[in-house]
Amino acid sequence: MAKRQPHILVLNGPNLNLLGTREPAVYGTTTLADIEALCRATAKTLGVAVEVRQSNHEGQLIDWIHAARGKAHAIVINAGALTHTSVALMDALTGVTLPVVEVHLSNIFKRESFRHHSYVALAARGSICGFGPHGYVLALEAAARLATEA
Ligand code: DQA
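Here the residue numbers are simple positions, counted from 1 along each chain's written sequence. Restriction of local features to residues with pLDDT of at least 70 applies here, the model being predicted, together with a cutoff of 80 or more for giving and counting side-chain atom pairs; totals for whole chains, interfaces and linings are based on all residues. To obtain the side-chain values, all non-hydrogen atoms of the structure were used and water was disregarded.

Okay, the overall build of the protein next. Think of it this way: any DSSP run of H or I at least four residues long counts as a helix, any run of E at least two long counts as a strand, and we number them from the N terminus. Counting secondary structure elements, the protein contains six helices and five strands. When the helices and strands of the protein are read in sequence order from the N terminus, they spell out β-α-α-β-α-β-α-β-α-β-α. Based on C-alpha atoms, the radius of gyration is set beside the globule rule, defined as 2.2 Å times the residue count to the power 0.38. Compactness check: the protein gives a C-alpha radius of gyration of 14 Å against a globular reference of 15 Å for 150 residues, within 12% of the reference. Along the three orthogonal principal directions, the C-alpha set of the protein runs to about 50 × 30 × 25 Å.

Once that is clear, we can look at helix H6 (residues 134-149). What a helix should span is 1.5 Å times the count of its residues minus one. Across its 16 residues, H6 extends 23 Å between first and last C-alpha, which sits within 8% of the 22 Å expected from 1.5 Å per residue. When a residue's accessible area, from a 1.4 Å probe over protein chains only, is under 20% of the maximum for its type it is buried; when over 50% it is exposed; and in between it is partly exposed. Of all the positions in H6, only Gly135, Tyr136, Val137, Ala139, Leu140, Ala143, Ala144, Leu146 and Ala147 are classed as buried. Here, residues are in contact when the closest pair of their heavy atoms is within 4.5 Å. Turning to H6, the residues buried within the fold contact strand S1 (7-12), helix H2 (32-46), strand S2 (49-54), strand S3 (74-78), strand S4 (100-104) and strand S5 (126-129).

Moving on: the nonpolar core. Among the buried residues, those of types Ala, Val, Leu, Ile, Met, Phe, Trp, Tyr and Cys that are joined through side-chain atoms within 4.5 Å form a nonpolar core. Ile8, Val10 and Val76 are the most contacted members of the largest nonpolar core, which totals 24 residues. In terms of residue count, H6 provides more of this core than any other element does, seven residues in total. In contact with isoleucine 8, not counting residues within four places along its chain, are Val48, Ala49, Val50, Glu51, Ala74, Val76, Leu140, Ala143 and Ala144. Listed in part, the 22 residues of the second largest apolar core include Leu11, Ala68, Ala72 and Val120.

Written out as C-alpha cells, the structure reads:
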C-alpha cells in the first residue's frame, strides 16, 4: 500500500505579508507570494504536501498550530517578531509535539540584541536564519526529513 505523503505546514507571522516592500535592505524584494511559490516548488521536488499560511495575529497562528495535530507531520515557522516575545506560541508548538523547524530571512544574531533570543527556538528541532528566501528551501528539506522519520 502507498504510504501517505508527508504534510508540512509552513506558517508566517506578523508583517511578513509586507515582504517585497518592507525594509528591502534587510528582507530583500521577494514577496510572500514568491516565497509561497518557492515552498510549493520545493515540496514537489521533495515529494511532500505543503500548506503555506500567514497571519498578523498570534491567536490565529496558535489555532493553526493546534489544528495541525493529526494532519501535519512537521511545521516550518517564521514567527516574525513573535519569535522574540511569544511564550504562548512556544507553548503551542511544544504542545502539539510535531517536529518544528524555525526559519528567518535575516540573520537575527547580526541584528539588534532583542532579536537574539527566540522562544520559537526553544520549541524547535533546529533553526535556519540569514539565507533569505532560500532558508525556506533549507527548512523544508529539514522538515521533510523529520516528517518522514516521525
Ligand atoms: C524575521 C526576523 C524578526 O526579528 C522580525 O521581527 C521579522 C522577520 C526574519 O524573517 O528575518 O518580522 O522573522
